[in-house]
Every structure is written in structure tokens, then in C-alpha cells.
Amino acid sequence: MKNYKKHFLRFAQEREALKFGEFSLKSGRVSPYFFNAGTFHTGEALARLGRYYADAIVASGQQFDMLFGPAYKGIPLVAAVAVALAEHHGRDMPWAFNRKEAKDHGEGGWLVGAPLQGRVLVIDDVITAGTAIREVAALFDNTEARMAGVMVALDRQECAKEPSATGKGLSAIQEVERSLGVPVGSIVTMADIIEWLREQDDGDQALEGMRRYRERYGVE
């Protein structure tokens, strides 16, 4: 596992963004872990988060011309990532975000920041159902831009629908990749969390829960 992944997981646990236990999800599943990017709510935490995103982007080899953050969670994320790419990787990229409601005065419109053009990498926290990302793709339809890919903090790597006799189906991220035809990357995955827990002196209990959950709901 790459070092930035290990550092990110320790950082997420310290910030209580990553917790282990029993957590009821909207889907009705009881998950052995929970991830909440909303706890990165200080300047120092956001700066570090931006650096981990930037590390993951560079490691992915993703080719893009600009960054985009979907309102609302994606707005501080895309700003932090743009700063981190410039300061730590020498890549000064234009970035933009959308308004939920188009503005009819001042500069007007639904877009804030650089003009949308070329290959756009979308920055978000997680993909739960893929609805928000598909809405972003629709925003690009009448622009000179195309979505080149998506980068999120965590890929849960679990099936979107309940497993059945015919199999587990695809994860929400896999469904987005198939429907939009773009790659979706992440800082870490569920597999990364499991591998990291194996290295922790106090990770046995959490590790067993993660293994059982992956066996029931996990996808490749």
C-alpha cells in the first residue's frame, strides 16, 4: 500500500472521520465502519485532505485540464485540491464549481470560477448512489467540457443492491463508471482499510467485522 494511503487512514481516524463499530446506513445495512468527510472542518485538516487527494490524483496518472467541485461538499474540496496540486506537485490547474440555483444578477449563471472546457476531473467526497455525479455530467452537456474522471476520498467497494441468487451486481462507483464511461478513483478503498487494519496492533476486532462485511457485500 502506498504511504499516502496509510497516512490518510491514520489522519482520518484521528479526526474521527473514520470510525469502527456498528453503524446503520440509509440502505438498511449495518456497517462495521463509517466515514464522514465533514469532520475535516479546520483549516489544517482541509489542507492535509487536499494533499491526500492530490497525491491520489498524481498516482492515478489521470489526464485532465481542470478541476470541478459539485456544490456543496465539492466546493471546499476542489479549492483545497487545486492548492495542493500547485504547491506540492507543481501543477497549477484552473478550477470551478456550480451554484445550486443559477444567479440572475451580477456575473449571473450557474458556474463560478474558470470556464468549463477540455477534460474535467470532478472532486467529491464519496459516491453513494451516483445521482449527484450524473447531475454534474448533465451540466457539462452544453459546455465545451467533458468529464474525464472523478476522484473521491473513499470507495466502499460494496454492491449497490442487495445480493441475490444471481450475484452481488455492481457497486455505485462501478455503475457510474459504466453509465458515464469515465474512471472513478479514490484516495482509499475498503480493501485498503482492511490491509491497513492488519498492520495495526489493536485492529483485530475491527478487521474481523470488515472481513465479514466484505464477504457479504463486497465487489471486486
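Residues numbered from 1 in each chain as written. Predicted model: local features only at pLDDT ≥ 70, side-chain atom pairs only at ≥ 80, totals over all residues. Heavy atoms only, no water.

By the naming in an unreviewed UniProt entry, the protein chain is Orotate phosphoribosyltransferase, taken from Alcanivorax hongdengensis A-11-3. In UniProt, the protein chain has this text filed under Sequence similarities (unreviewed entry): "Belongs to the purine/pyrimidine phosphoribosyltransferase family. PyrE subfamily." (UniProt positions renumbered as here; feature names shortened; annotations may be inferred.)

## Focus on the UniProt feature "binding site: orotate" (unreviewed entry) in the protein chain
Feature annotation in UniProt assigns "binding site: orotate" (unreviewed entry) to the following positions: Phe34, Phe35, Thr128 and Arg156. These annotated residues cover 123 residues of sequence, and their C-alpha atoms all fall within 12.7 Å of one another, placing them together at a single site. Along the chain, Phe34 turns up in strand β2 (residues 30–35). The exposure class of Phe34 is partly exposed, given its relative accessible area of 34%. Excluding residues within four positions of it along the chain, Phe34 makes contact with Ala17, Leu18, Lys19, Phe23 and Leu25. (Helix = DSSP H or I, 4+ residues; strand = E, 2+ residues; numbered from the N terminus. Buried < 20%, exposed > 50% of the residue type's maximum accessible area, 1.4 Å probe, protein only. Contact = heavy atoms within 4.5 Å.)

## Side note on the nonpolar core
Ranked by size, the top nonpolar core spans 46 residues in total, and within it Phe8, Phe35, Phe40, Tyr53, Leu67, Ile123 and Ile187 carry the most contacts. Per-element tally for this core: the top contributor is helix α2 (residues 43–60), with 7 residues. For Tyr53, the residues in contact, after removing those within four places along its chain, are Leu77, Val81, Ile123, Asp124, Asp125, Met151, Val152, Ala153 and Ile187. In this structure, Leu116, Val136, Met147 and Ala172 belong to the second largest nonpolar core, which totals 21 residues. (Core = buried A, V, L, I, M, F, W, Y, C linked by side-chain atoms within 4.5 Å.)

## Some words on helix α4 (residues 131–139)
Of all the positions in α4, only Ile133, Val136 and Ala137 are classed as buried. Burial along α4 is one-sided: seen end-on, the buried residues are contained in an arc of 100°. For α4, the secondary structure elements touched by its buried residues are β3 (66–69), β6 (117–123), β7 (144–155) and α5 (172–180). (Arc of directions from axis to C-beta.)

## Details of the pairing of β6
For β3 and β6, the ladder comprises 3 bridges, and the chain directions are parallel. Across the sheet, residue Leu67 finds its bridge partner in β6, namely Leu121. Two elements, β6 and β7, share 7 bridges in a ladder whose sense is parallel. Residue Val120 lies in a different strand from β7, and its bridge partner there is Met147. Crossover connection from β6 via α4 to parallel β7: handedness right-handed. (Pairing = 2+ DSSP bridges. Right-handed = clockwise from strand over helix to strand, strands pointing away.)

## Some thoughts on the side chain of Lys5
Structurally, Lys5 is set in helix α1 (residues 3–14). Overall, Lys5 belongs to the buried group, its relative accessible area being 14%. Excluding its chain neighbours within four sequence positions, the residues that come into contact with Lys5 are Ser186, Ile187, Val188 and Asp192.

## Quick notes on the pattern of salt bridges
Enumeration over the complete set of coordinates arrives at 10 salt bridges. The partner of Arg29 in a salt bridge is Glu162, with the nearest N and O atoms 2.9 Å apart. Of this pair, Arg29 sits in the loop between β1 (18–24) and β2 while Glu162 sits in the loop between β7 and α5, and the two are 133 residues apart along the sequence. Taking relative accessible area as the criterion, Arg29 reaches 3% and is therefore assigned buried. Arg212 is the partner of Glu208 in a salt bridge, and the nearest nitrogen-oxygen pair spans 3.6 Å. One end of the pair, Glu208, and the other, Arg212, are both in helix α7 (residues 204–217), 4 residues apart, so they sit about a helical turn from each other. On the accessibility criterion, Glu208 (38% relative accessible area) is partly exposed. What you see here is one network of salt bridges that share partners, running through Arg29, Arg156, Glu158 and Glu162. (Salt bridge = Lys/Arg side-chain N within 4 Å of Asp/Glu carboxyl O.)

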